[in-house]
Every structure is written in structure tokens, then in C-alpha cells.
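One-letter residues, chain by chain:
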Amino acid sequence: MTEVPTADERVDPAKTAAGTAPRAVPLSRGLSTKLLLLTIVFVLLAEVLIFLPWIASYRVSWLKERLSTAAAVSIVLVQGDPASLSRAAQNDVLMAIGAKAIAVRDGGVSRLLVVAEMPPHVDEHIDIANVGMVAGMTGALDTLFFGGNRMLRVFGPVGESDKEFELIMPDHSLRKAMLIYSRNVAFVSLLISLFTAMLVYAAIDLIMIGPIRTMTRSMLSFSEAPDDPGRIIRPAERSDEIGVAERELSQMQERLQKMLSEQKHLADLGLAVSKINHDMRNILASAQLMSDRLRQVRDPTVQAFAPKLLRALDRAVSYSEGVLSYGRTQEPPPSRRRLRLRQLVDDVHGLLDTEGGIEFVNAVDLAFEVDADSDQLFRVLTNLCRNAVQAMAADQESALVRRLAVSAERLGSVSRIIVTDTGPGLPPKARENLFAAFRGSARSGGTGLGLAIAYELIRAHGGTVELVESVGGRTTFAVTIPDQPVRLDQARSGLRRPA
């Protein structure tokens, strides 16, 4: 795998102090260090779990070995005369075994063979033939941590002999041997843990951590210069999860780079269009002033073409102003109040040009109220109604019904405003891009900004603007605005007010 250029991995103290997260991970907090430490801990934990049966087995084996030695001595003494042994000889025998007394049980009769000093009491009795796993581990831990000054009675058969041998002995030699064994096991376990951790670390670093580190460097490097094609990661030919992640990251970086390039071109184009529109608006305004004087000319030809020229200039000025306002406007959040909708609709009617035989019907009830921002809702209704008036004004046939109606209804806490006209309906292209700026216009030369702005304003209210119906002779838009939720503290304060 070819790595992309490496980003600077040094931590900037100034950025860290200012609250900005460092772009490079220190070695002490890296995945490699965490993996190494976790591997060592887990292997040591496994060794501890294995150590318990090992130390229990070692304790039983050590006791069996001493009991076997005592059994060999006992057989010799049974065949001879134990009383013939001097006290010094008995002490030598017991010292060699590390015991205080040796006895044998044969046929239910117990016989004391050698004794140096009979202890006053025995702390623990161990049946060497019936030591279970749990009892063995418990006894081993008890001897290891709390032993050293106890007296043990170890008994059981040895080999195929039908006799049972007994051994009375202190446990300090046993505990010393167990401590030495534990030390050796701990040392070997530590070596195994380190060796295993190194192997696991090397393998996982090669297979997983290394590629992840490469992807991290690629993301950091790409974020510094996303327009540089050389910063895109080159994925390796792998079929596992790392390979899939590398390919997806490479494709994502390519798509992001392409999108950023397109956005830059659009931004440059938008800046150029804004400058052109600004100058064009001034030129059109001058042309509009001069064309107004044409109305004073009494020539019939001029009087026939002057209204068309004025309408064309008005449309051009409106287009330029719409493009400029859409590019620079950042709508404020709505300042919502209770409004009388009928009066607001009357205000909208006053701004519409309905002189071409267009009937305007305000069907909103006098008592109907809506919870909205008055200025923003006025703009929304003006855009919807103006679009309807322009669509109906394009029809020149005198017999056609030209009617624009605004009504409203309430569904629980939701207000629904319905705008219906008898125009020709929306073409399929306009329906597909209904609320998209510069693409959703229903008439030639339109910008489609009216519906886009209306949709944005109503969405800020938490509502929707939708096309309910659009066929020849009937087009209906519905504006849905939910009421503001009542805060609990306000509701409680209202309930506390005296009647």
C-alpha cells in the first residue's frame, strides 16, 4: 500500500491549551500501546487462572513424594524391629523426610513406627487419595498465604500396597517449596506474556493498526488541502474490512473533492451573476423610466407596444431583484404572534394586480386566528397569490373564469391555509422541482424563487407548503402551520392568576 504524504504529527501545545483537539495521537495514548498493555494483562490473567490448578497439583505431588518415602522406610521397619533403632537413627530418618512421626495402618490396626516428638495437636488432615480439584486449590492457597507454622497429618495408600501410611509433619518445608515454585511460574508467565504480546502486537500492527494509522494520516492530510488529488488515499488490494474501509474512504474523498470543486465553480458563477445582475438592474431601471414616457406619446403604434414593453421591463427588474435578494438574504427566525388571518389576506389582496378580470375571494372566517410571524406569512401568501394571478393573467380568452380564493381551517392545534385558483395548472417540470430555486418556475422567464422562499419561511415555523391539486382549471396549495407548544411553567403561572 502506498501511503499518502504524512501530516505533521507533533502536538501543538497552543492548540491543546486553547481547547482544540490535537491532530496527532501521542504514543502513550495510541492504539498500539493500548493493544500491547491489554495483551500483557490478558495473558497474565490467563496464567493466573492456570496457576491455581498447577499449584494445587504441585502441593499434592510434593506430599505424595514425602508419603512414598515414608512408606519405603515403614516397610523396612515393619520387616525388622523398629525398637532396635536408636534415637539418633530415628531422628535422622525423620529429618530426611521432614516429619515428626511415621505410622502404618494394616488390617485396621495402627502402628507407630518412628517418632521424634509427638505434636500436641494436628491442624489439618489430608487424605492424599481423595483430594478434589476445588479442595486442592483451596488448600494450596491456604498453605501459600497463611501456612508455615502448621502441623499436617498426611495419610493414604502408596502404590498397590494394601497398607495405609501416615505422616505427621510441619508445613514450613511445603510452603517454602511452593513459594519457590510460584516464583518460577511467575517469571516464566511474565516471559510468556511479553513474548506473546510482542507477537500479537506485531501481527495486529501489520494487519490492522498500520492501515488504520495510514487512513488517519490520509484524513488529516486531506482535510488540510481537499482540492489536492494527491491527498486521496490509495487503497490496498484487500478483501477484508480494512480493505473495504480504505476503498470507501477513497471514494468518499473523491466525491467530496468533486463536490467542493463544483461548489467553488458555483460560488464563482454566483458572484459573477450577482455583479451582472446588480449592473443590469440599474440599466433596466433607467430603461423603465424612459419607457414610462412612451405612454405620453399619442402614436397608436407606440400605444399598442408600450404596455408590452413595460411588462417586459418589469419582469426583468423583478427577476434581477429576486436573484439578488435570494443570494444575500438570511431569514431571521419567526417572531410568532396570534394573527387575524382575514385581515392579513385583505392586505395581500391590496398588493395584487387583479384588474384583468380576476376575482379575489377572501373566504377566511372573521374570527380565525393563526400563530405565525405576520411579515413572513404575508410574504408567503403574497408569493402564492401572485403566482396564481400571473398564471391566470396569461390566459387571454374572455370566457374563462379567473378566480383566486383563500380559505382556512383548523385541525386541533394546526392551522391550514388553502390557496386555490382556476388557472391552467402547473406543468410536469414545475411539479418535479416545485420548491427548488431557479428550477421550479411554471412560466417562461420566471425564477421559481417565490415558492422556494415560501417553503423556507413556513419550514421555519415547523409547518409545510404542499401542492394539493393541479389540473386544468384548478390548482390548490395548502400551508400548514402548527401552533407553538405551551411551556409548562407558563401554563402553571396562567392557572395561578385570579379570575
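As shown above, the structure is provided for reference.
Keep in mind that what you see is a predicted model, and the values were worked out from it rather than measured.

## Digging into the overall build of the chain
Scanning the chain from N- to C-terminus turns up 12 helices and 12 strands. Sorting the 499 residues of the chain into buried and exposed places 33% on the buried side. Residue pairs at least 24 apart in sequence account for 67% of intrachain contacts in the chain once pairs closer than 6 positions are excluded. With an accessible surface of roughly 30,400 Å², the chain has 58% of that area assigned to carbon and sulfur atoms.

## Quick notes on the environment of M392
As for its position among the elements, M392 is in helix α9 (residues 374-393). Taking the relative accessible area as the measure of exposure, M392 reaches 0% and is therefore buried. Sequence-distant contacts of M392, that is, excluding residues within four places in its chain, are made with I358, R402, R403, L404, D421, T422 and G423.

## Some words on the environment of L377
Take L377: it is sitting in helix α9. Along the chain, L377 and V479 lie 102 residues apart, while their C-alpha atoms are 9.7 Å from each other. Non-local contacts of L377, meaning those with residues more than four positions away in its chain, are made with L339, L341, L344, V370, A372, I417, I458 and I481.

## Details of a nonpolar patch on the surface
Together, F187, V188, L191 and I192 make up an exposed nonpolar region whose accessible area comes to about 360 Å². Tracing the backbone shows I192 in helix α5 (residues 172-224). By relative accessible area, I192 is classed as partly exposed at 36%.

## Topic: the pairing of strand β3 (residues 124-127)
Residues in a regular strand point their side chains to alternate faces of the sheet. In this structure, β3 lies alongside strand β4 (residues 151-157), joined through four bridges in parallel fashion. What sits directly across from D127, in β4, is F155. For the segment spanning β3, helix α4 (residues 133-146) and β4, crossover handedness is right-handed.

## A short note on the side chain of Q376
Turning to its location among the elements, Q376 is positioned in helix α9. Beyond its immediate stretch of four places on either side in the chain, Q376 contacts P332, P333, P334, L457 and H461.

## As for the packing of aromatic side chains
Going through the model one piece at a time under the given rule, you end up with one aromatic pair. The interplanar angle of 10 degrees and the centroid separation of 4.4 Å between the aromatic rings of Y58 and Y181 together place this pair among those described as stacked. Of this pair, Y58 sits in helix α2 (residues 31-79) while Y181 sits in helix α5, and the two are 123 residues apart along the sequence. Taking the relative accessible area as the measure of exposure, Y58 reaches 24% and is therefore partly exposed. One residue, R153, lies across the ring of F155, its end atom 4.2 Å from the ring centre.

## Thoughts on the sheet that holds strand β11 (residues 464-471)
With mixed pairing, five strands are arranged side by side in an open sheet as β7-β9-β10-β12-β11. Strands with a single pairing partner mark the edges of an open sheet, and in this sheet they are β7 (359-362) and β11. The mean inter-strand angle of the sheet, taken between neighbouring strand axes irrespective of direction, is 15 degrees. In the sheet, β7 pairs with strand β9 (residues 403-411) via four bridges, with the strands oriented parallel. Within β9, the residue paired with V361 across the bridge is A405.

## Section: α9
With 20 residues, α9 ought to run about 28 Å at 1.5 Å a step, and its terminal C-alpha atoms sit 28 Å apart, in line with that. The set of residues buried in α9 consists of Q376, L377, V380, L381, T382, N383, L384, C385, A388, V389 and M392. Its side-chain oxygen 3.0 Å from the backbone nitrogen of D375, D373 forms the N-cap of α9.

## Some thoughts on the packing of helix α8 (residues 341-351) against α9
The relative placement of two packed helices comes down to the angle between their axes together with the axis-to-axis distance. Following both chains from N to C, one finds α8 and α9 inclined at 50 degrees, their axes separated by 10 Å at the closest point. Of the possible angle classes, the one that applies to α8 and α9 is oblique. Relative to α9, the crossing made by α8 is right-handed. Of the residues in α9, those touching α8 at L341, L344, V345, D347, V348 and L351 are S374, L377, F378, L381, T382 and C385. Here the contact of α8 with α9 is composed, by residue class, of nine nonpolar, two polar and one charged.

## Side note on the sheet that holds β4
The five strands lie next to each other as β2-β1-β5-β4-β3, forming an open sheet whose pairing is mixed. A strand with exactly one partner marks an edge of an open sheet, and here the two such strands are β2 (109-115) and β3. Averaged over all pairs of adjacent strands, the angle between their axes in this sheet comes to 20 degrees, without regard to strand direction. Bridging between strand β1 (residues 101-106) and strand β5 (residues 164-170) involves five bridges; their strand directions are antiparallel.

Definitions and cut-offs
Sequence order as written defines the numbering, with residues in each chain counted from 1. The model is predicted, so local features are restricted to residues of pLDDT at least 70 and side-chain atom pairs to those at 80 or more, both for listing and for counting; the totals for chains, interfaces and linings are taken over all residues. Side-chain measures were taken over the full set of non-hydrogen atoms in the model, leaving aside hydrogen atoms and water. The numbering of helices and of strands both runs from the N terminus, where a helix is a DSSP run of H or I of at least 4 residues and a strand a run of E of at least 2. Only protein chains enter the area calculation, which uses a 1.4 Å probe; residues under 20% of their type maximum are buried, those over 50% are exposed, and those in between are partly exposed. The contact criterion used is simple: two residues touch if any of their non-hydrogen atoms lie within 4.5 Å. Computed with the Shrake-Rupley method and a 1.4 Å probe, the accessible areas treat only the protein chains shown as cover for residues. Residues form patches when they are more than 30% accessible in relative terms and have no salt bridge. Like charges link within 9 Å. Nonpolar side chains (Val, Leu, Ile, Met, Phe, Trp, Tyr) link within 5 Å. Throughout this description, the term salt bridge denotes a Lys or Arg side-chain nitrogen within 4 Å of a carboxyl oxygen of Asp or Glu. Pairing between two strands is assigned when DSSP locates at least 2 bridges connecting them. Seen with its strands pointing away from the viewer, a crossover is right-handed when the path leading from the first strand over the helix to the second is clockwise. Note on ring pairs: Phe, Tyr and Trp rings are taken, using the six-membered ring of Trp, and paired if centres are within 6.5 Å. Classes follow the plane angle, with under 30 degrees stacked, over 60 edge-to-face and the rest tilted. Our definition puts a charge over a ring when NZ of Lys or CZ of Arg is within 6 Å of the ring centre and also within 35 degrees of the ring normal. Angles run from 0 to 180 degrees between N-to-C directions of axes, and those axes are lines fitted to C-alpha atoms, restricted for helices to the stretch in contact. Multiplying 1.5 Å by the residue count of a helix minus one yields the expected span of that helix. The term polar contact refers here to a pair of N or O atoms within 3.5 Å; inside protein, the definition further demands a hydrogen-donor-capable atom paired with an acceptor-capable atom, and it admits residues adjacent in sequence only when both atoms are side-chain atoms. Orientation labels follow simple angle bins: below 35 degrees gives roughly parallel, above 145 gives roughly antiparallel, 65 to 115 gives roughly perpendicular, and whatever is left gives oblique. Left-handed describes a crossing whose near helix is turned anticlockwise from the far helix through less than a right angle; right-handed describes the clockwise counterpart. Under the scheme applied, nonpolar residues are Ala, Val, Leu, Ile, Met, Phe, Trp, Tyr, Cys and Pro; charged residues are Asp, Glu, Lys and Arg; polar residues are all the others, including Gly.

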